[in-house]
Amino acid sequence: KAGVTQTPRYLIKTRGQQVTLSCSPISGHRSVSWYQQTPGQGLQFLFEYFSETQRNKGNFPGRFSGRQFSNSRSEMNVSTLELGDSALYLCASSLEAGSGNTIYFGEGSWLTVV
Amino acid sequence: SQKIEQNSEALNIQEGKTATLTCNYTNYSPAYLQWYRQDPGRGPVFLLLIRENEKEKRKERLKVTFDTTLKQSLFHITASQPADSATYLCALDGGSGYALNFGKGTSLLVTP
């Protein structure tokens, strides 16, 4: 069974640009979560989607957005990139929504903003 | 405010010994607590989940305890091996229907 797939793995963007990251969950998983990981802040929750609906959102500015498609694939978008947005962005999927479910992470997308 | 605290200092132990990692939390009433392992440049990998009404959970060489009175979880790796070297993250839910929140992790180094 294929794991969580994230694309692209690495990317470099310039301040002010926008970026879209993609996530394909494990087959059959309906919940997708996104996290930002930086050395200083650790793993921080961005948002969670279930059946195309955003269930939870972390404490991030409106520049960070996401969506989920009917096939459970998800994308997140960051607009007007800032240097501080440089991070590893991790997508995770689970069968159902809710914290009692095991979540399976992808390998992440490394974003560098210059 | 809600906090999840793990030892920021790396834990260095000798092969064969038991590694014990700590996760303390404040202003949470989690129904579940989970532990993950993360290797450099990789996504975290799920290890164990323990529920609030469980005191202890074991899986092979791993043992997790969960003390809701102390607001603490301990993660033990017995007979540790160099391959156990990684960062270990604890995670808990922010309440019913909320997503997982992670601690910053503790780095474990097991030397031969």
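Residues numbered from 1 in each chain as written. Chains lettered and ligands numbered in written order. Predicted model: local features only at pLDDT ≥ 70, side-chain atom pairs only at ≥ 80, totals over all residues. Heavy atoms only, no water.

### Some points on the pairing of strand E6 (residues 56-59) of chain B
Residue and element names in this part refer to chain B. Where E6 and strand E7 (residues 62-67) come together, four bridges link them in antiparallel fashion. Residue pairing for E7: glutamate 56 is matched across the bridge by threonine 65. Counted between consecutive antiparallel strands, the loop separating E6 from E7 contains two residues, among which glutamate 60 sits at a positive phi close to 55 degrees. (Pairing = 2+ DSSP bridges. Helix = DSSP H or I, 4+ residues; strand = E, 2+ residues; numbered from the N terminus.)

### Examining the packing of aromatic side chains
Two aromatic rings, taken as a pair, are described by how far apart their centres are and by the angle between their planes. As enumerated under the stated definition, the model contains twelve aromatic pairs over all chains in all. Residues Phe105(A) and Tyr36(B) carry aromatic rings whose centres are separated by 5.9 Å and whose planes lie at 85 degrees to one another, so their mutual orientation is edge-to-face. Within this pair, whereas Phe105(A) is found in strand E10 (residues 104-105), its partner Tyr36(B) is found in strand E4 (residues 32-38), the two belonging to separate chains. Pair check on accessibility: Phe105(A) and Tyr36(B) agree, each one buried. Among the residues examined, Tyr36(B) registers a relative accessible area of 0% and is labelled buried. Pairwise contacts between aromatic rings join Tyr35(A), Phe45(A), Phe105(A), Tyr36(B), Phe46(B) and Phe102(B) into one cluster. (Phe/Tyr/Trp six-rings, centres within 6.5 Å; stacked < 30°, edge-to-face > 60°. Buried < 20%, exposed > 50% of the residue type's maximum accessible area, 1.4 Å probe, protein only.)

### Observations regarding the interface of chain A and chain B
Taken together, the 22 residues of chain A in the interface contact 19 residues of chain B. Surface buried jointly by chain A and chain B totals about 1600 Å² across both partners, of which 52% is contributed by carbon and sulfur atoms. Notably, a salt bridge pairs Arg42(B) with Glu107(A), separated by 2.6 Å at the nearest N-O pair. Linking chain A with chain B are six residue pairs in polar contact (both at pLDDT 80 or more), by the criterion used here. When residues of the side of chain A that touches chain B are traced back to their parent elements, those giving at least two are strand E4 (31-38), strand E5 (42-50), strand E6 (53-57) and strand E9 (87-94) of chain A. (Contact = heavy atoms within 4.5 Å. Buried area = accessible area lost by both parts, 1.4 Å probe. Salt bridge = Lys/Arg side-chain N within 4 Å of Asp/Glu carboxyl O. Polar contact = N/O pair within 3.5 Å; in protein donor to acceptor, adjacent residues only side chain to side chain.)

### Topic: the environment of Pro44(B)
Checked against the element boundaries, Pro44(B) lands in the loop between E4 and strand E5 (45-51). With 39 residues separating them along the chain, Pro44(B) and Glu5(B) place their C-alpha atoms 18 Å apart. Pro44(B) has contacts with Leu43(A), Leu90(A), Phe105(A), Tyr36(B), Arg37(B), Gln38(B) and Leu89(B), leaving out every residue within four places of it along the chain.

### A closer look at the sheet that holds strand E7 (residues 64-68) of chain A
All names here are of chain A. Strand order in the open sheet formed by four strands is E1-E3-E8-E7, and the pairing between neighbours is antiparallel. Two strands lie at the open edges of the sheet, namely strand E1 (5-7) and E7, each paired on one side alone. The mean angle between the axes of side-by-side strands here comes to 15 degrees, regardless of whether they run parallel or antiparallel. (Axes fitted to C-alpha atoms, helices over the stretch in contact; angles between N-to-C directions.)

### Quick notes on the side chain of Ser31(A)
Residues and elements named next belong to chain A. By secondary structure assignment, the location of serine 31 is in strand E4. Side-chain polar atoms of serine 31 contact the side chain of glutamate 48, separated by 3.2 Å. Apart from residues lying up to four places away in sequence, serine 31 is in contact with Glu48, Tyr49, Phe50, Ala92, Ser93, Ser94, Leu95, Glu96 and Ala97.

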